[in-house]
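Residues per chain, in single letters:
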Number of protein chains: 2
Amino acid sequence: MEEIDRQIMTLLADDGRMSFTDLAKETGLSVSAVHQRVRRLQKRGIVKGFTAQLDHEQIGLPMTAFVSIKPIDPSAPDDAPHRLRDLTAIEACHSVAGEESYILKVRVATPNELEDLLQKIRAAANVATRTTVVLSTPWEGRRPPI
Amino acid sequence: MEEIDRQIMTLLADDGRMSFTDLAKETGLSVSAVHQRVRRLQKRGIVKGFTAQLDHEQIGLPMTAFVSIKPIDPSAPDDAPHRLRDLTAIEACHSVAGEESYILKVRVATPNELEDLLQKIRAAANVATRTTVVLSTPWEGRRPPI
DNA sequence: GGTGAAACTCCGTGTGT
DNA sequence: ACACACGGAGTTTCACC
């Protein structure tokens, strides 16, 4: 039964708009049973939501970079995520082990915008930054083997 | 008119399963006009697809890491993406500027699995690896400001 | 958890402007 | 590019197992 949930999640990860009718055909369950399972998966938070995958080039954000940050004053309390939250160009913020404390993934339109963003990051969180610019992305957001 | 496309994409990025009827209400257009626009956005590849957002903890992949790789033999042809393609634990592969040639984002269940994966990466692509383990993720996959 | 059916809503296409 | 309309398809809830 857990097997069927995995199957449903795999199908929805591939096509987030697949109809309940088609999910039912694929799984061999009735439409209402599938409906019930999807609602339960959402309620449990295993399925957190559904989203459209957009082409960054075409929506005007062709530049991606990873920004590692390190506090200038290591004794100060670390609330970098809170301080950086309003910088919407930061697509992801990961706390990491290693020499730096966070890795940020950012999307911008131009090198100039990246420069502006780095200044804002340094000012907002009182950190030093180390930036790695993405040249191309062979793949991204690939579905994990559930 | 371009404004309405941006609005539609924002709505679909927030809720990938929103009905055309609701999109029509939000945008003030008719259902068929919205339908036409979404199909066009997909045909142009601006909307690349729709996907379910899954909780990595709950699907058994609680561990995330960034793996930077550098070729051991810099004179060899660089076909790392092709050689790494079958390692499905690699969620993303970015070619980057800087000291290393690629940054990989990987998801695994345990430290042991990470160790196995790193061995496979080194063997498959003939590279040295530098791994940064993610401790927590304040946010991820946030919608860019379209 | 599962089914099946009923009532409702939505989708997708055709037609017209 | 958009609006309107209509038949087919999908969704959602219900009683029952």
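Conventions used here
Residues numbered from 1 in each chain as written. Chains lettered and ligands numbered in written order. Predicted model: local features only at pLDDT ≥ 70, side-chain atom pairs only at ≥ 80, totals over all residues. Heavy atoms only, no water. Least-squares fit on C-alpha atoms with pLDDT ≥ 70 in both. Contact = heavy atoms within 4.5 Å. Helix = DSSP H or I, 4+ residues; strand = E, 2+ residues; numbered from the N terminus. Polar contact = N/O pair within 3.5 Å; in protein donor to acceptor, adjacent residues only side chain to side chain. Buried area = accessible area lost by both parts, 1.4 Å probe. Salt bridge = Lys/Arg side-chain N within 4 Å of Asp/Glu carboxyl O. Pairing = 2+ DSSP bridges. Axes fitted to C-alpha atoms, helices over the stretch in contact; angles between N-to-C directions. Phe/Tyr/Trp six-rings, centres within 6.5 Å; stacked < 30°, edge-to-face > 60°. Buried < 20%, exposed > 50% of the residue type's maximum accessible area, 1.4 Å probe, protein only. Lys NZ or Arg CZ within 6 Å of the ring centre and 35° of its normal. 1 Å grid on protein atoms, 1.4 Å probe; cavity = no way out; pocket = protein on both sides within 12 Å on 5 of 7 lines; lining within 4 Å. Points joined across faces, edges and corners; volume = space filled by probe spheres on them. Nonpolar A, V, L, I, M, F, W, Y, C, P; charged D, E, K, R; others polar. Near = heavy atom within 4 Å.

An unreviewed UniProt entry lists chain A under the name Lrp/AsnC family transcriptional regulator, with Actinomadura rudentiformis as the source organism.

Engineer: An account of the relation of the copies chain B and chain A is needed here, citing residue identities and associated values.
Structural biologist: Note on the copies: chain B fits chain A at an RMSD of 0.1 Å, the axial shift is 0.0 Å, and the rotation between them is 180°. Within this description, the copies of the chain are treated as partners about a two-fold rotation axis. A shared binding surface is used by both copies, with 100% of the interface residues of chain B retained as interface residues in chain A.

Engineer: Describe the environment of Thr51 of chain A, naming the residues involved and giving the relevant values.
Structural biologist: Position of Thr51 of chain A relative to the elements: it lies in strand E1 (residues 47-54). C-alpha separation for the pair Thr51 of chain A and Asp86 of chain A, spaced 35 residues apart in sequence, amounts to 21 Å. Thr51 of chain A has contacts with Leu12, Ala13, Gly16, Gly49, Phe50, Thr51 and Gln53 of chain B, leaving out every residue within four places of it along the chain. Side-chain polar atoms of Thr51 of chain A contact the backbone oxygen of Ala13 of chain B, separated by 2.6 Å.

Engineer: Any chance you could break down the side chain of Glu91 of chain A for me, citing the residues and the numbers?
Structural biologist: With respect to the helices, strands and loops of the structure, Glu91 of chain A is situated in strand E3 (residues 90-96). Within polar-contact distance, the side chain of Glu91 of chain A engages the side chain of Arg107 of chain A at 2.7 Å. Ignoring sequence-local partners within four residues, the contact set of Glu91 of chain A consists of His56, Lys105, Val106 and Arg107 of chain A together with Trp139, Glu140, Gly141 and Arg142 of chain B.

Engineer: Go over the interface of chain B and chain A, please, and point to the residues and values.
Structural biologist: Listed by partner, the interface residues are 58 residues for chain B and 58 residues for chain A. Taking both sides of the interface into account, the surface hidden between chain B and chain A amounts to around 5300 Å²; carbon and sulfur atoms contribute 59%. When the buried area of chain B at its contact with chain A is split by residue, Arg17, Trp139 and Arg142 of chain B rank highest and sum to 15% of it. Here chain B and chain A share zero salt bridges between them. The interface formed by chain B and chain A contains 41 residue pairs in polar contact (both at pLDDT 80 or more). Of all the secondary-structure elements, those providing two or more residues to the side of chain B that touches chain A are helix H1 (2-14), strand E1 (47-54), helix H4 (80-84), strand E3 (90-96), strand E4 (102-108) and strand E5 (127-139) of chain B. Element by element, the count of residues in the side of chain B that touches chain A is highest for E5 of chain B, at nine residues.

Engineer: Tell me about the sheet that holds strand E4 (residues 102-108) of chain A, residues and numbers included.
Structural biologist: In spatial order, the strands read E2(A)-E4(A)-E3(A)-E5(B)-E2(B)-E4(B)-E3(B)-E5(A); together these eight strands close into a barrel with antiparallel pairing. Here the strands of the sheet are splayed against their neighbours by 35° on average, with no regard to which way each runs. Sheet contacts for helix H5 (residues 111-125) of chain A: strand E2 (63-71), E3, E4 and strand E5 (127-139) of chain A; angle to E5 of chain A, the most-contacted strand, approximately 140°. The sheet contacts of helix H5 (residues 111-125) of chain B involve strand E2 (63-71), E3, E4 and E5 of chain B, and relative to E5 of chain B the element is tilted by about 140°.

Engineer: Break down the packing of aromatic side chains for me, with residues and values.
Structural biologist: The full count for this structure, using the stated rule, is one aromatic pair over all chains. Considering the side-chain rings of Phe66 of chain A and Phe66 of chain B, the 5.8 Å spacing of their centres and the 65° angle between planes classify their relative orientation as edge-to-face. Note that Phe66 of chain A is positioned in strand E2 and Phe66 of chain B in strand E2, a pairing that runs across two chains. The pair formed by Phe66 of chain A and Phe66 of chain B is uniform in burial state, with each residue classed as buried. The ring of Phe20 of chain B carries Arg17 of chain A above its face, with NZ or CZ at 5.0 Å from the centroid.

Engineer: Outline the pairing of E4 of chain A, listing residues and values.
Structural biologist: Residue and element names in this part refer to chain A. Within E4, seven of the seven residues are buried, which leaves it mostly tucked inside the rest of the structure. Residues Tyr102, Leu104, Val106 and Val108 of E4 are buried on one face, and the alternating residues Ile103, Lys105 and Arg107, pointing to the opposite face, are buried as well. Note: E2 against E4, seven bridges, orientation antiparallel. Residue pairing across strands places Ser68 opposite Ile103, the latter belonging to E4.

Engineer: Outline the layout of surface pockets, supporting the account with residue identities and numerical values.
Structural biologist: One number sums up the size of the second largest pocket: a volume of about 390 Å³. The wall of the second largest pocket is formed by 23 residues, among which Ser68, Glu100 and Arg130 of chain A together with Arg130 and Thr132 of chain B lie closest to the centre. Counting only elements with at least two residues in the lining of the second largest pocket, the list comes to E2, E4 and E5 of chain A together with E2 and E5 of chain B. Considered class by class, the residues forming the lining of the second largest pocket number nine nonpolar, eight polar and six charged.

Engineer: Outline the protein's contact with DNA strand C, listing residues and values.
Structural biologist: Taken together, Leu29, Ser30, Ser32, Ala33, Gln36, Arg37 and Arg40 of chain A together with Ser19, Phe20, Thr21, Ser32 and His35 of chain B are the residues near DNA strand C. Among the atoms of DNA strand C close to the protein, meaning within 4 Å, 74% are from sugar or phosphate groups. Secondary-structure elements contributing two or more residues to the surface near DNA strand C are helix H3 (31-44) of chain A together with helix H2 (20-27) and helix H3 (31-43) of chain B. The leading source of residues in the surface near DNA strand C is H3 of chain A, at five residues. Here the surface near DNA strand C is built from residues that sort into three nonpolar, seven polar and two charged.

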